[in-house]
Amino acid sequence: LPILNYNKTNVVNLQLIKLLGRECIQCDKWVFVEKLTFVSKGQDLGYLHPSGAKVLKDFNRKILDCQEANSEKIYISRSKTRRSISNEKAIEDYLLDRGFKIIYAEDFTFPAQVNALSGAKLVVGIHGAGLTHGLWSEKSTLIELMPNNRVNRCFEWQTLICGGTHQLLYFDPNLPAEVSVVP
């Protein structure tokens with residue numbers, strides 16, 4: 001079936017559709033369709049199913065260009081986005097001093113994002129879509145930074161079904177990162 005894609009959506013969506021060799025219908029506004037299919041396993045929207053993880057890992061092997069990852073320790077930063085926390089640069093500086101590579105996912109194509117994370121053994125990031133890239137690394141540890149006013153275990157679940165370990169660190173989103181996260 002063709003894929004509907006809103007033309008102002010993230011460019012990564014189009015890259016992925018192209019990699020899959022799928023037909024894409026660009027939409028510039030709301031559309032009415034007679035038949036629409038959503039891919040899910042019952043009520044699990046937002047939570048990866050183990051069979052879905054296998055499909056994604058198989059897909060990863062097809063697009064991975066076999067380059068060695070640049071770092072085994074990666075911080076997925078949101079400091080260039082509107083969802084960054086106050087003074088996220090403090091987290092970046094702290095982790096750079098400890099041998100981490102800082103990744104700004106928006107600066108990479110989708111295949112380059114997969115390549116950058118595929119060899120990671122330790123991934124750190126603030127709760128958000130960027131942590132989905134934990135799928136690509138084998139038996140890695142994900143340290144998820146979570147605002148203390150939220151509870152969402154989707155990346156814990158994703159990490160565990162992919163054979164990794166997960167650690168959750170809560171922080172106060174009303175305080176700057178150097179006060180609430182780094183210590």
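Here the structure is a predicted model, which means the values were calculated and not measured.

How each quantity is defined
Residues numbered from 1 in each chain as written. Predicted model: local features only at pLDDT ≥ 70, side-chain atom pairs only at ≥ 80, totals over all residues. Heavy atoms only, no water. Helix = DSSP H or I, 4+ residues; strand = E, 2+ residues; numbered from the N terminus. Rg over C-alpha atoms; globule rule 2.2 N^0.38 Å. Buried < 20%, exposed > 50% of the residue type's maximum accessible area, 1.4 Å probe, protein only. Contact = heavy atoms within 4.5 Å. Areas by Shrake-Rupley, 256 points an atom, 1.4 Å probe, with all protein chains shown as cover. Lys, Arg positive; Asp, Glu negative; His and termini not counted. Charge placed at Lys NZ, Arg CZ, Asp CG, Glu CD. 1 Å grid on protein atoms, 1.4 Å probe; cavity = no way out; pocket = protein on both sides within 12 Å on 5 of 7 lines; lining within 4 Å. Points joined across faces, edges and corners; volume = space filled by probe spheres on them. Nonpolar A, V, L, I, M, F, W, Y, C, P; charged D, E, K, R; others polar. Polar contact = N/O pair within 3.5 Å; in protein donor to acceptor, adjacent residues only side chain to side chain.

A. Spotlight on the overall build of the protein chain. Each helix and strand counted, the protein chain has six helices and seven strands in total. Counting from the amino terminus, helix and strand elements in the protein chain follow one another as β-α-β-α-β-α-β-α-β-β-α-β-α. A globule of 183 residues ought to have a C-alpha radius of gyration of about 16 Å, and the protein chain, at 17 Å, matches this closely. Reported as C-alpha extents along the three principal axes, the dimensions of the protein chain are approximately 55 × 35 × 30 Å. Expressed as a percentage of the 183 residues in the protein chain, the buried residues total 38%. Long-range pairs, those at least 24 residues apart, make up 59% of the contacts in the protein chain with a sequence separation of at least 6. Carbon and sulfur atoms make up 56% of the accessible area of the protein chain, which totals about 11,500 Å². Across the protein chain, the centroid of the 22 positively charged side chains sits 5 Å from that of the 19 negatively charged ones.

B. Broad picture of the layout of surface pockets. Estimated volume of the second largest pocket: approximately 220 Å³. Considering the residues around the second largest pocket, the lining is formed by 13 residues, among which Y94, L95, L145, L169 and V181 are closest to the centre. For the lining of the second largest pocket, the elements supplying multiple residues, two or more each, are α3 (89–96), β6 (141–147) and β7 (165–171). Among the residues making up the lining of the second largest pocket, the classes are represented as twelve nonpolar, one polar and no charged.

C. View of the side chain of N5. Here N5 lies in strand β1 (residues 3–6). Overall, the relative accessible area of 6% leaves N5 in the buried class. At a separation of 3.1 Å, a polar atom in the side chain of N5 contacts the side chain of Q26. When near neighbours in sequence (up to four residues on either side) are disregarded, N5 contacts N13, L14, I17, C24, I25, Q26 and C27.

D. Expanded view of empty space enclosed by the protein. Inspection of the entire model under this criterion finds one cavity of 30 Å³ or more. Empty space within the largest cavity amounts to approximately 50 Å³. Every residue along the wall of the largest cavity is listed here: L131, G134, S137, S140, L142, Q158, T159, C162 and G164.

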